[in-house]
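A look at the structure
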Amino acid sequence: MGRPTINPGRMIIKRIFIYLLLLVQYIAVLNGQVIRGNIADKEGKPIPFSTIFIVELTRGTTANIDGRFELQVPEGHYTLFIRALGYRTDIKEVDVEKEPVNINTILFEQVYKIEEVRVYSGQEDPAYGIMRKAIGLAPYYLNQVNHWNAEVYMKGSIDVLKIPKLFQRAMKDEEEKIEVGRNYLEESLNEITFNAPDKYDQRVISFNSSFPGESNVDVMGYIKSSFYEPTVEMAISPLAPNAFSHYKFTYEGVSFEGKYAINKIKVEPRRKSQQLFSGYLYIVDDYWNIHSADLTVELFIGPIRIKQLYSPVKEDAWLPVSYNLDVKASIIGIKVDVTYLSSVKYSEIEINSQITPPLALQETIEKYEEPEIAEPELAQDYKTAKKVEEILSKEEMTNRDMIRLARLMDKETKKEREKTDTSLQIVETTSYTIEDDAHKRDTAYWNSIRPIPLTESELLGYKAKDSVMLAQSDTASLADSTKKEKSRILEFAENLTSAKTFRSKDSSVVFRYDGLIGFDKLGFNTVDGWVYRQEFSIRKIFGPGREFGIYPDIGYAFNRHVVLWKIHNSLAYAPMKRGNFYFDFGKSSADFNPDHGIDRFLNSVSSLFFRYNFLRLYEEAFAKAGNRIDLSNGLVFGFSLNYAYRYHLENSTDYSFFFRNDRDYEENEPENPHLTKYPLDNQESFSIQLGLTFTPRYHYRIRDGVKRMVNSAFPTFNLQYRKGIPNAFGSRADFDYLETRIYQNKDLGMFADISWSVGSGVFITNSNVHFADFKQFNTQEIPVLMERPENVFMLLEYYQYATPEWFAEAHIKYNTPFLIIKLLPFFSERLWRETLYGNYLYTPDFKNYVELGYGLSDVYLIADAGIFVGFENWSYGRWGVKVSLNF
């Protein structure tokens, strides 16, 4: 196959068109009202990422890495604050007419004076007094503004430094592959509207990108993050309520910017950690708000440096006017430098009048001098203002004062919200729209609105993408036929071996095939021998929250020569009440403990490699139907009818990879003391189950007419009743079972959470109970688990403690980023969490079992590990180590 022919005449015409377009853009820029310039130090070296703030327009921008900036503004008189961390602010007055205004600025290093403050041996550094006030007032500054509208320009730039050969070979056939040495750029112009407390509306006016593939223009992650919050992404803020436990602060002096005195505070983590920042905070004296921040967190991908500069945009409301994020990333051999810069222009700023500004406290007190005020709300304002003023006026604030101040300000900011926020519905806090022509803007447009000039490497990146697109358009028709021919074969092979989803043209019918290969496709156990399974599904979607699905699962047990199959049928209806009806039937090898038994893949490994067969199975031909629906918000009712013919099975194979003469497979009978009374014979069973679940004040979202539950500050209460009905459809089951449970998962903030569960149950009657109907517990005897443990007895054997009588159990699990080991070197640098476990079980045959454990969670993001000890009737009984792989 020869090389494609390229029409040289057409290429020349394209290039002439491009040159003409560039000339038009150049003329368009010359005719605009422009403030442009360079920012350098006294030696003439560019100061990268400096900030330029125009007071009259409440607009800030950031210089590029070469210290260059450029702003399109209307004609008029402007005051410019030119700032860079570590340098004195330069204030310039400029008149902008039709001709561009060029400003070349030299910034001099800032000298921080330590006046009147002397630190003697044994005395506390004055930084702690400053930080106590800043931390105490953080809730106020987080909620100071009620509404704003801003035009936000965001530019993300990536320099690709290294890609391993393996990845380069994998990308060699891609049309738009990522190349070493190139710069990739993404920029967008957005209009963002904020309404308190947390609603953001983003409208993407335009975006441009030299990245391969689709662009991501969601800038909300940068705009919404704030150091006034206790956490910033994965790290703890230096202004968090417990910051003193994690950080050391050092006062490095004061500088002056107009009427404001700026305190420079050095921030150092008390231990190396991927969840702690280091760097500098600049705090405005008397106001105790952030003037600027320059903080770095060392993550596993590399250091991430965050710079934010604030300016008083209205009535002493300081808002960020520029963001700068710099990442030196290196992971699995890939090295890139990532930079995000922003320019923000505020408008329609509305101060939250429902909270009292700290500097206005004295005015509030003077206004209401009389201790008894007629209006209750004004009286409460007076009392709050008095308490806050008393704390702030102290020369020596204590940590207790700081906590009191933070609580007072937090209460003050929430008081108005609590009056109106009575609904349990959570309204979406972020909306995101893209203008239809956002990606069609030409170069002339971008040159006219771009406030942060492109660097030389960024310009080359755009040119490289244009060249690739031209080359692709010239060769597309010839390469397309070859690619289609190869892709059909590859696509068929991929669809056959791996999971694939197919949709009808209107997406109302969805077919999914789970593929030939997978951990769950081929398994082994001593009852069935080798088992191979196939799964697929068909769904008919009638609308949001309304669909009917059929989910067949077909397998073959090679040693027993039996086809195993089951079909799950599901109908989702009443989306505002989350209604769901199901009907299942089939014939399968069932685990006696279907909800909490051993993972079948792990049982295959332990059997084939070590001849430990933990899994116990019986054959079940079954049919069951059920329904669940919300009776009211937070109150769920469910019922089911269950028929099963249960057939006892024996081992059918002695096969393993490594035959051991010293170990035989165990028989397929669970070890349990009650099986003498309730033998594992063949029998039919028919039962009903009723359940009520209630969660008070359960918050929810509604999206496309579908209700989705979110969270509640209260625990969930659950009541279940099961009854085995004798003589119905040949049933021998004869029992009544009642169970109640209370449980909750609660986020404690600062990356800590706690989950707990308390439950009990009783067989009111138990004339005939099949072992599959016993109360089964979540016991995990094997040292390795395939999922994160929840409400698990880590050291108890499978099946042995199931009961047909009564029980009581309790579980508690507490996760925290810092407790014991995470305070030590090496461990403190990891994004792991420490976990405490507590479990309790009481049955008539196994009394007062207590299990305690300590572990590490999120180890390298995929595993949990822990050590556990068990006490039987208050005496030591056992210990063990567990590892769970959270794939």
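The preceding data block contains the structure.
Residues numbered from 1 in each chain as written. Predicted model: local features only at pLDDT ≥ 70, side-chain atom pairs only at ≥ 80, totals over all residues. Heavy atoms only, no water.

Counted according to the given criterion, the structure contains 40 salt bridges. A salt bridge links Arg83 to Glu257; the nearest nitrogen and oxygen atoms lie 3.9 Å apart. You can see Arg83 sitting in strand S5 (residues 76-83) and its partner Glu257 sitting in strand S13 (residues 247-257), a full 174 residues away along the chain. You can call Glu257 buried: its relative accessible area is 13%. A single network of salt bridges, built from pairs that share partners, joins Asp753, Arg788, Arg833, Asp858 and Asp864. (Salt bridge = Lys/Arg side-chain N within 4 Å of Asp/Glu carboxyl O. Helix = DSSP H or I, 4+ residues; strand = E, 2+ residues; numbered from the N terminus. Buried < 20%, exposed > 50% of the residue type's maximum accessible area, 1.4 Å probe, protein only.)

Moving on, we come to the nonpolar core. Met131, Phe249, Phe277 and Ile283 are the most contacted members of the largest nonpolar core, which has 67 residues in total. If you tally residues by element for this core, the top one is helix H2 (residues 127-142), at 10 residues. Apart from residues no more than four positions distant in its own chain, Ile283 is found in contact with Ile130, Met131, Ala134, Ala261, Ile262, Asn263, Ile265, Trp288, Asn289, Ile290 and His291. In this structure, Ala772, Leu785, Ala802 and Phe868 belong to the second largest nonpolar core, which totals 39 residues. (Core = buried A, V, L, I, M, F, W, Y, C linked by side-chain atoms within 4.5 Å. Contact = heavy atoms within 4.5 Å.)

A few words now on the packing of aromatic side chains. Within this structure, the stated rule accounts for 52 aromatic pairs. Here Phe735 and Phe763 contribute two aromatic rings whose centre-to-centre distance is 6.0 Å and whose plane-to-plane angle is 65°, an arrangement assigned as edge-to-face. In this pair, Phe735 is assigned in strand S34 (residues 734-749) and Phe763 in strand S35 (residues 752-768), connecting sequence segments 28 residues apart. Exposure class is identical for Phe735 and Phe763. Each is buried. Their ring planes at 80° and their centres at 6.3 Å tell us that Phe826 and Trp832 sit as a pair that is edge-to-face. Through pairs of rings, three or more aromatic residues link up here, namely Phe592, Tyr612, Phe614, Tyr618, Tyr678, Phe771, Phe774, Tyr798 and Tyr799. The positively charged end of Arg441 is found above the aromatic ring belonging to Tyr445, 4.7 Å away from the centroid. (Phe/Tyr/Trp six-rings, centres within 6.5 Å; stacked < 30°, edge-to-face > 60°. Lys NZ or Arg CZ within 6 Å of the ring centre and 35° of its normal.)

A separate point is the pairing of strand S39 (residues 846-859). Of all 14 residues in S39, 12 are buried, a share of seventy percent or more. Note that strand S38 (residues 833-843) and S39 share 10 bridges and pair antiparallel. For Tyr837, the partnering residue across the bridge sits in S39 and is Gly853. Taking the residues between adjacent antiparallel strands as the criterion, S38 and S39 are bridged by 2 residues. With 9 bridges connecting them, S39 and strand S40 (residues 863-872) associate as antiparallel partners. Within the sheet, the bridge partner assigned to Gly855 lies in S40 and is Gly866. Connecting S39 to the antiparallel partner S40 that follows it, the hairpin turn spans 3 residues, and Tyr860 within it adopts a positive phi of roughly 50°. (Pairing = 2+ DSSP bridges.)

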